[in-house]
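# Coordinates in review
Spelled out from the first residue to the last, the chains are:
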Amino acid sequence: MNLGESIRVAWEGLMANKMRALLTMLGIIIGIGSVIGILTVGNGLSSTVTSSMSSLGASNIMVMLQQKGDDYANGNATYIEVSDDDLITDDMIDAFRQRYSDQLVGVAISESAGSGKVQDGRLYANVSLTGINEDYLAVNNIEILQGRNIEARDLDGQRSVALVSDKLVNNMFGGDAQAALGKEIKTRVGNEVHVFRIIGVYRYEQNMMNMSFAADKDINTSLYIPVTSAKRLNGAADGYYSFTVTADSSQDSKAFAEVVNVFFSRYYQSNDKFGIYTMSMESITEQVNTMMSSLSTGLAIIAGISLLVGGIGVMNIMLVSVTERTREIGTRKALGATNGNIRFQFVVESIIICLIGGAIGVVVGGLLGYWGSSLLGATSMPTGGSIALAVSFSMAIGIFFGYYPANKAAKLDPIDALRYE
């Protein structure tokens, strides 16, 4: 009996016992479906995370103060308060700009000045006052819809000017960005009221850093003011705990992060308490993707345990099939079939059951993965690799769990088999 005849016989056997075959396949369907579904959702989430982090700036490098010592790196050190002399200064940043001006897109500085509410009668908008420099918008890919950016004259004069979001304009000015320019807004932060003149309107976009589930009119957006004005309002000392550098697209951001680290670390060689730590967005993205892949793989392996149950079910039904067809096996052996012929036929039947179950499982898992990833806002479809893995796994299960029944059938004595009732 060749392969084609073995497949035909296996198919006829399945059609003769449809319900039994379906119940046998159920474990395989659930196992393969679970694995495909989990891998699909995992791929969707990984793509979304990568996209979100890239939108924050794929070439961005975070530069921050970090307490020195191995104990701090291991999470065992006592926190040391940062003094004004430990902060990163404007002179350091200006020197860095001049040294690497041809390799930079910009250096973004920010300073929080509290959260509050812009209000005019019954109209309101929730805001967070954020002091920025002239490079902040470019580094963070923020688009200006109307007006202008924060400029050096605003920083030098500590001016009370502000960039507002299109969400605030919708709430306060009926969505007319042009009408909002030049208007003064009163912002209450705690018990204080600050007045700012609008010089620009930017497009608000949600990302991983500002995710909100509030109603559209209640979303808290940033009110960007000069960083010098923010320091005046919150009484902060000159200097910064951190800032962000964006390298030119021709630069390797991970390699340039080391250059940045070396440049600023020389200012802290004599500082026993603090040093400089840098990390590129590219390396963070790689770490997150590795973590997501490991998590998805781990969950898929756990879900794949159900394939063991499905394989046992296949072995069980094949043993039943051997018992039911004992006389058939005896007849075939009497007509000249070898042990190898019998073994091959039953292994093929086992593989057919597992492949059909695996195919159904791929479809079910793909649909569940698509539906689940869509609910999470990370729509994804099964990859060719995961489908190939599922098919290969199905064949492996068929061979592994089908071999024992097939071998048992092959070793039957033809005389005893013909006498079997």
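For the structure itself, consult the block above.
Residues numbered from 1 in each chain as written. Predicted model: local features only at pLDDT ≥ 70, side-chain atom pairs only at ≥ 80, totals over all residues. Heavy atoms only, no water.

## Focus: the overall build of the protein
How we decide: Counting from the N terminus, the helices are the DSSP runs of H or I reaching at least four residues and the strands are the DSSP runs of E reaching at least two. Here the globule rule is a power law, 2.2 Å times the number of residues to the power 0.38, and the radius of gyration is based on C-alpha atoms. Each residue's exposure class comes from its accessible area (1.4 Å probe, protein chains only) as a fraction of the maximum for that residue type: buried when under 20%, exposed when over 50%, partly exposed otherwise. Per-residue accessibility takes into account occlusion by the displayed protein chains alone, with areas from the Shrake-Rupley method and a 1.4 Å probe. For the charge count, each Lys or Arg is scored as positive and each Asp or Glu as negative, with His and the chain ends excluded. Taken as the charge centre is NZ of Lys, CZ of Arg, CG of Asp or CD of Glu, depending on the residue.
Helices and strands together make up the secondary structure of the protein, namely 15 helices and eleven strands. Computed over the C-alpha atoms, the radius of gyration of the protein is 33 Å, more than 25% above the 22 Å expected from 2.2 N^0.38 for a compact globule of 421 residues. With the principal axes as the frame, the protein shows a C-alpha extent of 105 × 55 × 40 Å. Here the protein, with 421 residues, has 44% of them falling under the buried criterion. With an accessible surface of roughly 21,700 Å², the protein has 56% of that area assigned to carbon and sulfur atoms. A distance of 11 Å separates the average location of the 31 positive side-chain charges in the protein from that of its 40 negative side-chain charges.

## Focus: a negative patch on the surface
Applicable threshold: By definition, no residue in a patch forms a salt bridge, and every one has over 30% relative accessible area; like charges are joined within 9 Å, nonpolar side chains (Val, Leu, Ile, Met, Phe, Trp, Tyr) within 5 Å. Salt-bridge detection follows one rule: a side-chain nitrogen of Lys or Arg within 4 Å of a carboxyl oxygen of Asp or Glu.
A contiguous patch of negative charge on the surface is contributed by Asp84, Asp85, Asp90, Asp91, Asp94 and Asp238. Mapping Asp85 onto the fold places it in the loop between α3 (70–73) and α4 (90–99).

## Focus: empty space enclosed by the protein
The condition is simple: Residues are said to line a cavity or pocket when one of their atoms sits within 4 Å of a point; the points come from a 1 Å grid over protein atoms alone, cavities being sets where a 1.4 Å probe fits but cannot get out and pockets being open sets with protein on both sides within 12 Å along at least five of seven lines. Grid points are joined across faces, edges and corners, and a volume is the space filled by probe spheres set on the points. Ten residues, namely Ala, Val, Leu, Ile, Met, Phe, Trp, Tyr, Cys and Pro, are considered nonpolar, four, namely Asp, Glu, Lys and Arg, are considered charged, and the remaining ones, Gly among them, are considered polar.
Enumeration over the complete set of coordinates arrives at one cavity of 30 Å³ or more. Lining the largest cavity are Ala125, Asn126, Ser165, Lys167, Leu168, Asn171, Asp216, Lys217, Ile219 and Thr221. Mapped by element, the contributors of at least two residues to the lining of the largest cavity are β4 (123–132) and α7 (166–173). When residues of the lining of the largest cavity are assigned to their parent elements, the largest contribution, three residues, is made by α7. Classifying every residue of the lining of the largest cavity by side-chain character gives three nonpolar, four polar and three charged.

## Quick notes on the pattern of salt bridges
With the rule as written, the count across this model stands at eight salt bridges. The partner of Arg97 in a salt bridge is Asp135, with the nearest N and O atoms 2.6 Å apart. Taken together, the residues Arg97 in helix α4 and Asp135 in the loop between β4 and α5 (136–139) connect sequence positions 38 residues apart. What emerges from the salt-bridge pattern is a single network uniting Arg148, Glu151, Arg153, Asp154 and Arg159.

## Overview of the pairing of strand β10 (residues 242–247)
Two faces, one strand: in a regular strand the side chains alternate between the faces of the sheet. Rules: A pair of strands counts as paired when DSSP detects no fewer than two bridges linking them.
In terms of burial, β10 is a largely internal element, five of the six residues being buried. Note that strand β1 (residues 60–67) and β10 share five bridges and pair antiparallel. When the sheet's bridge partners are listed, Val63 is paired in β10 with Phe243. As defined by bridge partners, strand β2 (residues 104–108) adjoins β10 across four bridges and the pair is classed as antiparallel. For Leu104, the partnering residue across the bridge sits in β10 and is Ala247.

## Examining the sheet that holds β2
Within a sheet, neighbouring strands are paired by backbone hydrogen bonds and run either parallel or antiparallel to one another. Under the convention used in this document: Axis definition: a line fitted to C-alpha atoms, over the contacting stretch in the case of helices. Angles run 0 to 180 degrees between N-to-C directions. Contacts are residue-level and defined by heavy atoms, with any inter-residue pair within 4.5 Å sufficient.
Read from one edge of the open sheet, four strands run β2-β10-β1-β11, paired in antiparallel fashion. The sheet terminates laterally at β2 and β11 (274–280), the two strands that pair on one side only. Sheet twist, expressed as the mean angle between neighbouring strand axes with direction ignored, is 20°. This element, α4, spans β2 and β10 of the sheet and lies at about 175° to β2. Packed onto the sheet, helix α11 (residues 281–324) meets β1 and β11 and runs at close to 65° relative to β11.

Shape is all these values report; function is a separate question.
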